[in-house]
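# Structural characterization, general
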Amino acid sequence: MDRTFITTQKERLHALRQEIEHDLQQVHENIAEGIAPSDATDQEEVAVINTMRQIDMAGGDLFEDRLYEIDHALKAIEDGSYGTCERCGQPINPERLEANPWATFCITCQEALDAGR
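So, here is what we can say about the structure in this document. (Residues numbered from 1 in each chain as written. Predicted model: local features only at pLDDT ≥ 70, side-chain atom pairs only at ≥ 80, totals over all residues. Heavy atoms only, no water.)

As enumerated under the stated definition, the model contains 4 salt bridges in all. Among the ionic pairs, Glu69 bridges to Arg66, the shortest N-O distance being 2.7 Å. Taken together, the residues Glu69 and Arg66, both in helix H2 (residues 43–79) and 3 residues apart, mark about one turn of the helix. Accessibility expressed as a relative area gives 29% for Glu69, which makes it partly exposed. (Salt bridge = Lys/Arg side-chain N within 4 Å of Asp/Glu carboxyl O. Helix = DSSP H or I, 4+ residues; strand = E, 2+ residues; numbered from the N terminus. Buried < 20%, exposed > 50% of the residue type's maximum accessible area, 1.4 Å probe, protein only.)

In structure tokens, the structure reads:
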């Protein structure tokens, strides 16, 4: 894989990581600063508050998952395995990596995994 491409991907991954860390911090602040269910005036308000917290927590989980994927990709860059499918060992198409810089499978293997094969 081209060294310039790898360097660009590494920079993109670091920038994405910063953005997600910022977004995750916002989620944590929203949860911490949100209205407490005890401040609500009726059951409907309590339900809305609880739903909003669940949405924030689910979003936080998604951000945590993405950080893991980004860190995994950065580790692969460091150990020289970036851009190699973890299932079949073939190169991952650079266009796929541009669209999804944390991809760990080539499109063929990803489709097979998505289909349960």
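Next comes the rest of the description.
This part is about the environment of Asp71. For Asp71, the position within the fold is in helix H2. For the pair Asp71 and Trp102, spaced 31 residues apart in the sequence, the C-alpha separation amounts to 8.5 Å.

This part takes up the state of the cysteines. For the structure shown, the criterion picks out 0 disulfides. With no disulfide of its own, Cys85 lies 3.7 Å from the sulfur of Cys109, the closest cysteine sulfur. Here Cys85 falls in the buried class, since its relative accessible area comes to 4%. Considering cysteine sulfurs only, Cys109 is the nearest to Cys106, which forms no disulfide, with 3.6 Å between them. (Disulfide = S-S within 2.5 Å.)

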